Amino acid sequence: MEFRSPEFKTRAVHALHDANLQKALSNTKAGFVVKRAKAAEEMPEFEALRDTAAEIKNHVLANLDHYLEKYEAAVTAAGGHVHYATDAEDARRIILGICKKANAKRITKGKSMVSEEMSLNEALIGEGYEVVETDLGEYIIQLADEPPSHIIAPAIHKTKDQVADLFAAAHNKPRKTDRAELVAEAREVLREKYFTAEVGITGGNFLVAETGSSVIVTNEGNGDLTQTLAKVHIVTSGIERVIPSLDDLSVFLRILARSATGQETESYTTFSTGPRREGDIDGPEEYHVVLLDNGRSKMLGTRFQDMLRCIRCGACMNHCPVYGSIGGHAYGWVYPGPMGSVLTPLIKGMDGTYDLPNACTLNGRCKSVCPVRIPLPDLLREIRHNQFRQDMTPKRQKQALKLWRYVAERPKLYHFAERIGVRILASMANGKGKLRSLPFDPGWTGARDLPAPTGRTFLELWQAKRGDK
Amino acid sequence: MSDTPIKPRPRVGLFATCVMNAFRPSIGFASAKLLEDAGCHVSVPAAQTCCGQPGLNSGDEDSARALAKQVIEAFEEFDYVVGPSGSCMATIRHDYPNLFADMADWRKRAEALAAKSYELLSFLTDVMGVTEVDAEYKGTITYHDSCSGLRSMGVKGQPRQLLGSVKGLTIKEMEDTDVCCGFGGTFCVKYPEISEKMADDKLANAAATGADTLLGGDLGCLLHLAGRLRRKGSPVKVYHTAEVLAGLADGPSLGEENR
């Protein structure tokens, strides 16, 4: 996927002026929030499950080599193949190799953000394969030739009318505007693709070490058709998605849907364990798992290891007022919102990602809903520290910080400066109570007035009245 | 935080946040009045400037550490440190100890200070047991939950409880009262367009309640929201909750012309 995070600022402003996007965002953001709150409230043990889930993930991350080996052995025993990909290029090479060997022409795909990390569609299409996204949201944005803007609702930025236009153009059928009719039309078009694809690629929400199973949770059943009807099933997932046992899985299944969409459970929870066995009536002939590292192992043992607990539920972005204002595309890469603002600088590097951890008010709403209790604001602040240490903070800001510190470390000077400052601002306001513009305005008065100080500082008034030292 | 019984007249060091000190002295006087009415002895150390949050949130940990030391030295003699801001007090309570991870002596002092640091209204209710105030305000208010106060300092019911005892005052809750207003410290000047959108979302929710007054517990948010209201020519008044609770909301509201 194209890397456009360096353009964050301009893309964010563009998003704020995109009427369709704003309409789509306002239609959907409240839904997720209200539904999640209700689902969490209706489950008395929800908060305790979040703790348990975080503990399980911490245990796995502390023993990741062990669980990956165990998982690989179980997959192999079931007749499947595990491939380790160090980076996106490595992953593309592996998957292109599998597709070539399978003599594939058409490839169906369930939703996989890891495959976006790999820029897999571009690579497959470049080699002449027909790639069909089968998740409805992914299918819509594939028609629109756009990247996903949300990790569980990739077409959340599209309005129903825009989808109607896309379908009418792509399907050569009369334009429909009824939701159910639109869904039925996509279903009809996609149905034939499942039966004729040679390779089906899905993500993997969880990889169970005990059984060697990959698990996907979906609402449309498209993942099931993708992985059972093709000759070859390829699972793309991150190395951190392994969990020890089915018992552990039950913990995650109980918090994932509730956190993501506010459902008690998704419509389909599907386990894949190796290829079709003798006597099975369906299933793929070959089963491959491509596990992507892409910078994840470098996060182990650092402050950022917490980020590897992420189960990609999207709750953080659903609750993020910045995401809710600008949508996902402004972030410029695979993962938007709070989790993306941590992951993108860590995976893609510090260059070009400066704005992501900074475009956050540290309001903590993401942290308060994260099902695996990732301290997202703390991690974002930690990246800011790294930027500062690596001298990436803009010069003007650094100078301002230096001056601020110099003055703030000297209380007498500080209070003298503040006394002068408030007198100047108060006289500029001239009894109006506010200032419409400021000399050396750092960015305050573009959209707001500055309520004016009253002319004396609290400390000087207090000292005059009460004489504290 | 502490199980030790409250002293008859605890000595409170009032943390006069840098923004309050410059922009809104009446919040400081309101805080002192509320604390004294609750039976505290209030001092305002002159050696205080800023909690260090601008440095901390901009990646400049060294500066934050230097100012944290200054705050610790200025306030550690008191029984409690109390400030009319969830944000500054959360920095002292939660961030100071982490700033001194590798300095055992300072860490101990930071932890001791953190343990006795409170946001004003939660201190009054949770520690001093205040359940009502003697004040009057004729108007309908809506209360914005500032993020640090709400999520880091557990401030939610306390301001509402105390406001409920103000004569003549009606509370109307807005939708999404717990959603960030878009201030976010330097965020509001680094990303002014996003900040403006978030302010407008917040103010639309506030307007939908029909309230004539918007209250909150963090002056940063209030300056941002009042500034946006004034720019749009709205008549809605903005005060810090402490001003209303102390009966000091009789002067011009934030950004309002001198009457």
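Residues numbered from 1 in each chain as written. Chains lettered and ligands numbered in written order. Predicted model: local features only at pLDDT ≥ 70, side-chain atom pairs only at ≥ 80, totals over all residues.

### Considerations on the domain arrangement of chain B
Residue and element names in this part refer to chain B.
So, step 1. As far as domains go, chain B holds domain 1 (11-126) and domain 2 (131-245).
So, step 2. Across the boundary between the two partners, domain 1 contributes 28 residues, which contact 23 residues of domain 2.
So, step 3. The set of elements that each furnish at least two residues to the side of domain 1 that touches domain 2 consists of helix H1 (18-23), helix H2 (25-37), helix H3 (53-57), helix H5 (86-99) and helix H7 (120-127).
So, step 4. The element that contributes the greatest number of residues to the side of domain 1 that touches domain 2 is H5, accounting for 6 residues.
So, step 5. Along the lines of polarity and charge, the residues of the side of domain 1 that touches domain 2 split into 12 nonpolar, 12 polar and 4 charged. (Domains from an automatic or database assignment. Contact = placed C-beta atoms within 7 Å. Helix = DSSP H or I, 4+ residues; strand = E, 2+ residues; numbered from the N terminus. Nonpolar A, V, L, I, M, F, W, Y, C, P; charged D, E, K, R; others polar.)

### Overview of the sheet that holds strand E5 (residues 136-144) of chain B
Residues and elements named next belong to chain B.
So, step 1. What the 4 strands build is an open sheet, ordered E6-E5-E7-E8; its pairing is parallel. Lying at the two open borders of the sheet, with one neighbouring strand each, are strand E6 (167-171) and strand E8 (237-240). On average, adjacent strands in this sheet sit at an angle of 35° to one another, irrespective of strand direction.
So, step 2. The sheet contacts of helix H12 (residues 219-231) involve E5, strand E7 (213-216) and E8, and relative to E8 the element is tilted by about 170°. (Pairing = 2+ DSSP bridges. Axes fitted to C-alpha atoms, helices over the stretch in contact; angles between N-to-C directions.)

### Examining the confidence of the model for chain B
So, step 1. Residues at a pLDDT of 70 or more form 98% of chain B, whose mean pLDDT is 96.
So, step 2. Two summary scores accompany this predicted model of the complex, namely pTM at 0.96 and ipTM at 0.96. (pLDDT = per-residue confidence, 0-100.)

### Details of the sheet that holds strand E1 (residues 81-85) of chain A
Residues and elements named next belong to chain A.
So, step 1. Strand order in the open sheet formed by 6 strands is E1-E10-E7-E4-E2-E3, and the pairing between neighbours is parallel. Of all the strands in the sheet, just E1 and strand E3 (130-133) have a single pairing partner and so form its edges. Across this sheet, the average inter-strand angle for adjacent strands is 20°, counted without regard to direction.
So, step 2. With 3 bridges joining them, strand E2 (residues 106-109) and strand E4 (residues 199-202) adopt parallel strand pairing. Pairing of threonine 108 across the sheet is with glycine 200, part of E4.

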